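Descriptive analysis of the structure
Spelled out, the chains give:
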Amino acid sequence: MMPGACSWNHSFLRGSWAAALRSQGPRPLHAAGFPQIFLRTDRKGPVDRHLRAASMTLPGKTVAGSGYVPANRLEQRAWTRGYNRAMNTSPAPDPGQPMPSSADPSHPAGPVSVLSAHSPWHAVEHTENFPVGSWLVPARLRGAVVAVYHFARHADDLADEGDAPVVAREAALLALDAAMQQASRGTPSGIAVVDGLMAPAARHGLDWQCFRDLIDAFRQDLRVTRYARADDVQDYCRRSADPVGRLMLQLYGADTPDNRGQADAICSALQRINFLQDIGIDAGKDRVYLPEETLAAAGSSAAQLLAEARAGRLGAASRLAVQREWQRAQAQLQSGVGLTARLPWRLAAELRFIIAGGQRILDRIAGAGYDAVAHRPALGWRDAPALLGLALRPRRR
């Protein structure tokens, strides 16, 4: 799943937007918006420092429950200050100590063996797409960004990782939604990733419906594998991608109707770009996010697209359908560019590079003749000059 790309880079002090933009490995986080958060940008590249079971050993000393590995003592102190300031907690978790999987003693910390809404860590490796975080995230917001990432990552894993049956996934997501409703009323739910949102939500006025919309989108992915119309895809983006962009606006105190509209356009565009980028990956899960009406108008079909994707190369009709969806994503992305002029400078700087990353992926898809299966676009350090140019002079409609 994770068709969206909500990877939020909170490698706070050492974040590298260029490395983080590299797309590789498994699916990026589900919700796509400009809040793509990376758990960590490794020195050797954009390696998401896997969200594993909290008790598993990671190289170096791991900040409990976050998967974040400080490079030195100075960085550890900086992370701790940001965590305490954002979460208003004392003290921050000790490095190397596992975070309990819930406040309920009946759910102790440790490797997750059963799919459960209570178990926030999964032995799954993740690599995220488009970043939004690094050192540009103000210290006062870092803990909140981490909390949102942990929730979204956990919910996405419940829906998509491992081999649990659909019935078990649906039950786990419904339990998570019930916990979210309980926490929104001010009562701890006993589920760590949900209760961890209570302080940031109260402090920053976060809309709990955004989190519930994400859960609803994850549940939809359990049941829906085809989309008849472009409007159906957009409705999915509204719940799988747009909520994360709105949460970021709320965190930065920039949640106005005009800003929301353009943030939604950017988030939906990034989601659609990810659909195009991952046609081959989705084919392996029998999922097609290109609307059937677009495929039919181009002379293709969902069945034909799947067959071609599994064979490793798209035919002319399917490439035409990709081109038409490419044009839709391009228009959406460009319609949100003006948002950067109205945001706080830190978020505006991040957003410029996120838009640049999306545009660069679109350019790569077009350069491959709209066959993202035979040539799946991925960005690396060699794209840095182009990304810088796109960030400084974004393309507009």
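Residues numbered from 1 in each chain as written. Predicted model: local features only at pLDDT ≥ 70, side-chain atom pairs only at ≥ 80, totals over all residues. Heavy atoms only, no water.

Here the phi dihedral of D286 falls at roughly 60°; this positive angle occurs in a residue that is not glycine. In this structure, D286 sits in the loop between α11 (279-283) and α12 (292-297). If you check the backbone angles, Y370 has positive phi at about 65° while not being a glycine. Structurally, the position occupied by Y370 is in the loop between α15 (345-367) and α16 (384-392). Residue Y370 is classed as buried on the basis of its relative accessible area of 15%. (Helix = DSSP H or I, 4+ residues; strand = E, 2+ residues; numbered from the N terminus. Buried < 20%, exposed > 50% of the residue type's maximum accessible area, 1.4 Å probe, protein only.)

Our focus in this paragraph is the pattern of salt bridges. Between side chains of opposite charge, pairing is possible as soon as their charged atoms come close. For the coordinates displayed, the defined rule picks out 22 salt bridges. Between R153 and D157 there is a salt bridge; the shortest N-O distance is 3.3 Å. Here R153 and its partner D157 are both found in helix α3 (residues 139-160), four residues apart, which amounts to about one turn of the helix. Of the two residues, R153 and D157, neither departs from the other in class, the shared state being buried. Taking the shortest distance from any N to any O, the salt bridge between R239 and D216 comes out at 2.8 Å. Placement of the pair is R239 in helix α8 (residues 230-240) and D216 in helix α7 (residues 208-223), with a sequence separation of 23 residues. Judged by its relative accessible area of 6%, R239 falls in the buried class. (Salt bridge = Lys/Arg side-chain N within 4 Å of Asp/Glu carboxyl O.)

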